[in-house]
Structures are given as structure tokens and as C-alpha cells.
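Summary of structural features
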Amino acid sequence: MLSSRRLAVVAVVLAAFVTTAIAGPAFAAPSTDAAAPSAAATALAATAASAAASSASGAQPPARSLPDGGRYTPLDTTRAWHGTVRAPGTAVELQTLAHLPADATAVVVNVEVEHPTQDGWIRVAPYESPAQGATQVFRAGQTVSGLTTVALRVNVGGMVDVTLSGGSATVYLDVAGSYGPTGSTYDPLPPARIAAPSVGTAPVRVPVAGRGGVPTDATAVALNVEVGSPTAAGYVRVTPAGRDAAVASQEFERGRTISNLVIVRLRDGAAQVKLSAGRATVYVDVVGAYRPGDDGSVFVPEDPVRVGTTTVGRTATPVQVTGIGDIPGAASAVAATVEVERTTADGYVRVTTPGTDAQVATQVFSAGGAQSNTVMPAVTGTDTARSIDVRVSAGTARVDVDVVGYFLDGSVGIGFGESVSSLGCVGSKLPASAATRHAAFVVVSADHGPGEPNPCLGAALDVASTAVGALGQPAVQFSLQAGHWFTSSAPDPAHPWPTSDTIPGGPTVTGSPYGSCHAIVDQACSYVLGYWHAVIAARQPGITDPGAHRWWLKVDTDGGWVVPWLGSTRELGRNRAYLEGETAYLESIGASVGVIGHTPGTVAQLIGTVPPESDLAQLPTSTIWQNALDLAAARRACTTVPPILGGPVEMLSFQGYDRSALVSCR
């Protein structure tokens, strides 16, 4: 049974750490016609000294582990670029033009389209990305704005694509801020109206901090700003109090009400609003706030992806926005563009967290018209799928929802699991690419090969110490590269072979279903060899209480196995006995055990058919799955891939185009 205890990764000083040594004289050569193995193979039983010197944090993994990066730095909105764009579009070096930090991961940009020559849409997205959806829609001749957030990719120098559906238009890109390693975290708030002043061409101060759930130390806020019944055509500016940036937040036509989301830096806890011409009632609805510290959520940008298209009416319709594409199911909030079209009556659309019904509009529309706006709501649901609610005030409308990124509040770390292997280990250091922190759960390679301790175990445990323990998985788990290295004719001279049931410096194996080991290449000694390898791995310095965790045995033809010649029954049996020995030791110390492999066929190629009385028969399995296009497809595969053995599929190792991850199937 799976132990309910979690890994306590304890920082140790080697002099203060007491462990049972597994080092000892090499086992003698087996009595076959094969050559004797080298005595130099005593290195098999040596533990890596660096594993004790490099250790992890002393406490259990926290219940909340906020991922690195994704913190917001607001700016006074500044025009970074403008130009004439002709379909299909152009590329803009936005990161350079806006003078954003080199480590910025995403940019918040207000996109204004002026005098388009035909009806259509505009999209601003990462350069050469497979983006879907639109940032804003427009009529021919209509000037309109739409806010979006765009990922900045290092490999393309922070360039973005500006795509136009047809014709041409003048386009303005105004930058309001950026996400990166430093700055403020985000709190989505229930939409609340905090002001509704009558505004003209003189600036009107709008106090924000301390209202509508906005904390008093907020650095910036997300506001839905609606211009109601303007007396003249013009534009509205929303800026920090006392500042008057020469850029527009949204354009409007005389008598036509319109909204736009703005993210504005606060100055002395306030913003200000002014019009370029005429007067209007400006409704200011707060939907989120940024503040210093780790109590909020961090942002992860994505290529824009259309997650839903549905027809909605006056009753709230749930739209799933997480657990789709590469958006983790347990995201805490999303940034999305919501477009309404084919409207049958004048009205407005509301987008809210399920179960709430804020009495404020997300966007106002006319019958037969189309309009977009950005939303940044909290989402609710399960760890595999969460939703928003969408409704209109009158008639019906078709609604398209395009997600451009998501927020994580630390409860699930980065939202999926990670494997930390010994690949690329140099000395006792892991490559930077192997050190993904704040995972929902982590599987650490406990060895560098069958029976060979992992010299980077300490560094791997340091990474694992930030794992949360979420999505139904324990925070830290271990894997062993299982591998039986003898055929019936040729032992590997670099590795020893057991001569009895007693492991040098370790326990004596009892209860083997194959009897006692007598230095013969048979199932009895294969069982002891597997037992021995598990002992070596579990007793490494830095692994405290190894029986408290799940241990995965990797069974694959790319490991240390010699594939049985023409399916030799004897060799299949010895391989199976080796795995049974590993399982026996780990279960004897209270650990739970599972098997990792590609398919039932590849595992059967190495160990044959597992009889029902074997300890392996009902072990849970983890499948290495390379056929999924994204995380969501991998999650769906949990219900379709066959189990490797008799137990359930509990995890998928997903290896996609630009991401590898562990997906929980629980």
C-alpha cells in the first residue's frame, strides 16, 4: 500500500550523518562457464560522497510553493511602436523597442487599431507561434483598442507577430508593464464597481487602494473601464494619479458605450481618468490587484489558444479554460480574450468565477455586432479542469474564449510533475535545464545506472525540496534504473555477482521464492542482485526514511538490460526475479513500488509474462508516453493507455515538442 508519509529531505553534515555502509568485497564470480568479473567492481556499492555534502532543505515540502518568475512590474503606459500593417501582418521587436529587461517573460500591451480598411480582427502573439484567436475585432473604419499579454521568447529576441485578418490598418502598441523574476504577484478579485464619475477633458482622480478588495499596498490594478454614453467621439485615458501619458486606453464613438481592460500602476493608491473630448460617465470596476510578496499568483504566458466557442444566453454557461493544451488543470486564474458575436439584442456580457454573479459588465455590445475584451478571473473546478461562467444580459450571443496565459498560486507548484535525472551530471552538479523547481511533485533518479549511486543526488534533492505534493501525488518519489546485466553465457566483467543470500555490509535476503543463491546465474541469485541494488539506492546519504516514499522501477530496453535472446525463458525469468528482489527489499522497509516502461510489450520483452502469484503482478505503473501533442492530451491518455502490469496507470511521462513533464493520472 502507498505510505501516507511524505519525504523529509533533511540537510545533513556528513560527519553527523550515520548510515549503514553497503561497501564491501566484491561478490565472487558465478559458477558458469563465463569469465569472472573484475574486483574493481566494488564501486557498485559505493555511495556518492557528494550526496551527503550537497543536501536539501530540512523541512517537509511546503503546502504552497510559488514558482519562480511571473511577477509583474507596472510602467506608465508608453507607446513602443506604431505603423501601417497590411495583411497578413508584420513582426515587431517589441522587447527592444519598449526597453524591457532582458529577463522579461511577457509584456502587457494595449493594441489600438485605427482606420481599418475592412471588417476583421487583429492578433498580437509570440513571434512565429501557432497562435489561435484574436486580440480585438473591428468594423471597417472603426478605431478600437484591446489589451493583451504576450509571451516574450529569448530565442526570437522578444519579437511579436502583429497579424491582421485582411486589408490594412494603422496599429499602435502601448506597453503597460511586464512580467519577470521580480515584481508583484496577482490576486484575482470578484468584479466590483469602485467609481462611476462623470468625466470630461480634465483628469478625475479615482482612489483605488482599500476599495473593492484592493489591498492598501497594491502596486497596480486590473480595471474594467466602461465609457457610457459619451457626448462626442474620442478616447479615454486611464493613468496613475497625477500622470497623463499621451496614449489612449480605449476609443469611443459618440453615444456608443464600450469597455476595455486596463492594467494601471497606482500612485499614492490612486489612478486618474480623463477624456479627449466631450463628457461621459466612466464606470471603473476592479477585477484584480498586484502587490509585493508571495501571497498572490504568478503568471505563465502561453501561445494564444482557443479553449471554447459556445452560444450563451441569460443563464450562466460554464466554459472550461484549464486542462486544455498546455494549460494545467489546477491553474488559479487565466488571462483570456472573450469575444462576443452574432448577438441577437443590445446588451452586455459578464464573465465571472463560477458561483458568482457580479453586477457589472465585461463588455457592452449592440445587436448584430461583435466586440472583444480581456478578462483575468479566478477559475474553479477540479485539479484537472477549471472553468469560468459566461452570460449575456439579453438575447443570445456566440462567445469565443482565447487564453493567453494562466496564473499559479503555489498550491500546485508549476502545475505538473517533473523528473530530475542524473543525465548531464557533472561532479555533483546538475545542468540548469534539469533543475526545474516548485513542481507539483518530483521523481528523483536515485541511481546513475543499475547499482550505481547518483553523484548528483544531493542537488536533485535540493530541487525536490521545493515540490508541493499535489494532484494526488506525494511530493517526492524515487526511480531506479532497473537492469539485470547477465545473460546465460557472458557476465559483464565490470560488475560483481552475488555468491550467497548475504549482501556485504547489508542484510541477508530471506523469503526468496527461488531458494538460496549459490553464485550461479539463476533466478535465486538474480533475486539477490535486485535486492542488493535496491539496498544501495535506498541507503544513500541524503535519503532519509526511504520507506516513506513511492519507488519506481524503470524497465526499458534503453536501460541496463540485456534483451533475452529470442525470448529465452531462462533469461526472462532471471530478469523478472531481479525486479522481484528490488520490490521485496523496498516493500520490506514500507515503501510502495511501481514500474515505469513504454508499453506492456516492451516490458514483456524483458521480463516475459508475470504470473499472478508474483509480487510484480499488481504493481501500479507509469507509462512513458510520446504520442501526446500537449499536457491535456497526455492527461486524456491516462484513461486510454493500457497498464504495463496488473495495477492502475498512476502517472504518464509526457515528452512533447517543447516540454516534458509528469502528468498525474490520479
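What you see is a predicted model; the values in this text were computed from it and never measured. Sequence order sets the numbering: in each chain, residues are counted from 1 along the sequence as written. It should be noted that, the model being predicted, local features are given only for residues of pLDDT at least 70 and side-chain atom pairs only at 80 or more, the latter also being counted only at that level, while totals for whole chains, interfaces and linings use all residues. As a convention, hydrogens and water are excluded, and side-chain values are obtained from all of the structure's heavy atoms.

Considerations on the overall build of the protein chain
From N to C terminus, the protein chain includes 7 helices and 36 strands. Long-range pairs, those at least 24 residues apart, make up 81% of the contacts in the protein chain with a sequence separation of at least 6. With an accessible surface of roughly 24,100 Å², the protein chain has 53% of that area assigned to carbon and sulfur atoms. Elements are defined by DSSP. Helices are runs of H or I of four residues or more, strands are runs of E of two residues or more, and each kind is numbered from the N terminus. Here, residues are in contact when the closest pair of their heavy atoms is within 4.5 Å. Areas reported here follow the Shrake-Rupley algorithm with a probe of radius 1.4 Å; residue values treat only the protein chains shown as occluding.

Description of empty space enclosed by the protein
Buriedness for pockets is judged along seven lines, at least five of which must meet protein on both sides within 12 Å for an open set on the 1 Å grid over protein atoms alone, while cavities are sets there where a 1.4 Å probe fits but cannot get out, and lining residues have an atom within 4 Å of a point. Grid points are joined across faces, edges and corners, and a volume is the space filled by probe spheres set on the points. Scanning the entire structure with this criterion turns up 6 cavities of 30 Å³ or more. Roughly 190 Å³ of volume is contained in the largest cavity. Contributions of two or more residues to the lining of the largest cavity are made by β9 (185-195), β17 (280-291), β21 (347-352) and β23 (371-375). Of the residues contributing to the lining of the largest cavity, the split by class is 14 nonpolar, 5 polar and 2 charged. Considering only enclosed or pocket space, the second largest cavity measures out at about 120 Å³ in volume. Contributing to the lining of the second largest cavity are 13 residues, with Thr 77, Asn 110, Val 238, Ser 249 and Val 262 lying nearest its centre. Going through the elements one at a time, β13 (234-240) and β15 (258-265) are the ones with two or more residues in the lining of the second largest cavity. For this classification, the nonpolar set comprises Ala, Val, Leu, Ile, Met, Phe, Trp, Tyr, Cys and Pro, the charged set comprises Asp, Glu, Lys and Arg, and every other residue, Gly included, is treated as polar.

Re the pattern of salt bridges
Every case where a carboxyl oxygen of Asp or Glu lies within 4 Å of a side-chain nitrogen of Lys or Arg is listed as a salt bridge. All told, the structure shown has 19 salt bridges when counted by the stated rule. Across the pair Asp 76 and Arg 265 runs a salt bridge, and its minimum N-O distance is 2.7 Å. Taken as a pair, Asp 76 in strand β1 (residues 71-86) and Arg 265 in strand β15 lie far apart in primary sequence, 189 residues in all. Residue Lys 274 pairs with Asp 244 through a salt bridge whose shortest N-O separation is 3.2 Å. Taken together, the residues Lys 274 in strand β16 (residues 270-275) and Asp 244 in the loop between β13 and β14 (250-252) connect sequence positions 30 residues apart. Each residue is assigned to one of three classes by its accessible area relative to the maximum for its type, calculated with a 1.4 Å probe on protein chains only: buried under 20%, partly exposed between the two thresholds, exposed over 50%. Residue classification places Asp 244 among the partly exposed residues on the basis of a relative accessible area of 40%. Three or more residues are tied together by salt bridges with common partners; here these are Arg 306, Glu 341, Arg 398, Asp 400 and Asp 402.

Examining the sheet that holds β23
Strand pairing requires that DSSP identify at least two bridges connecting the strands. If you trace the 4 strands from one edge of the open sheet to the other, you get β18-β26-β20-β23, paired in antiparallel fashion. Two strands close off the open sheet at either side, each with one partner strand: β18 (298-312) and β23. Across the sheet, the mean angle separating the axes of adjacent strands is 15 degrees when strand polarity is ignored. Where strand β20 (residues 333-341) lies against strand β26 (residues 397-408), 9 bridges are found, and the strand directions are antiparallel. The residue bridging Ala 333 from the neighbouring strand is Phe 407, located in β26. Helix axes are fitted only over the stretch in contact, all axes being lines through C-alpha atoms; the angle between N-to-C directions runs from 0 to 180 degrees.

Looking at the pairing of strand β35 (residues 649-655)
Within β35, 6 of the 7 residues are buried, which leaves it mostly tucked inside the rest of the structure. Of the pairings in the sheet, the one linking strand β34 (residues 621-625) to β35 comprises 5 bridges and is parallel in character. Bridge assignment links Ile 624 to a residue of β35, and that residue is Ser 653.

Observations regarding the side chain of Arg 71
Here Arg 71 lies in strand β1. A distance of 3.2 Å separates a polar atom in the side chain of Arg 71 from the backbone oxygen of Gly 293. Apart from the residues lying within four places of it in its own chain, the contact partners of Arg 71 are Leu 66, Ser 178, Tyr 179, Gly 180, Pro 181, Thr 182, Gly 183, Ser 184, Thr 185, Gly 293, Asp 294 and Val 298. Here a polar contact is taken to be a pair of N or O atoms separated by no more than 3.5 Å, where protein atoms must pair a possible hydrogen donor with a possible acceptor and residues adjacent in sequence count only if both atoms sit in side chains.

Quick notes on the nonpolar core
For the purposes of this section, nonpolar cores are sets of buried Ala, Val, Leu, Ile, Met, Phe, Trp, Tyr and Cys residues that join through side-chain atoms within 4.5 Å. Judged by nonpolar contacts, the single largest core of 71 residues is most densely connected at Val 444, Phe 478, Leu 480, Trp 551 and Leu 586. Looking at this core, the element that brings in the most residues is helix α4 (residues 523-538), giving 11 residues. Non-local contacts of Val 444, meaning those with residues more than four positions away in its chain, are made with Val 420, Leu 457, Ala 460, Ala 464, Val 476, Gln 477, Phe 478 and Ser 479.

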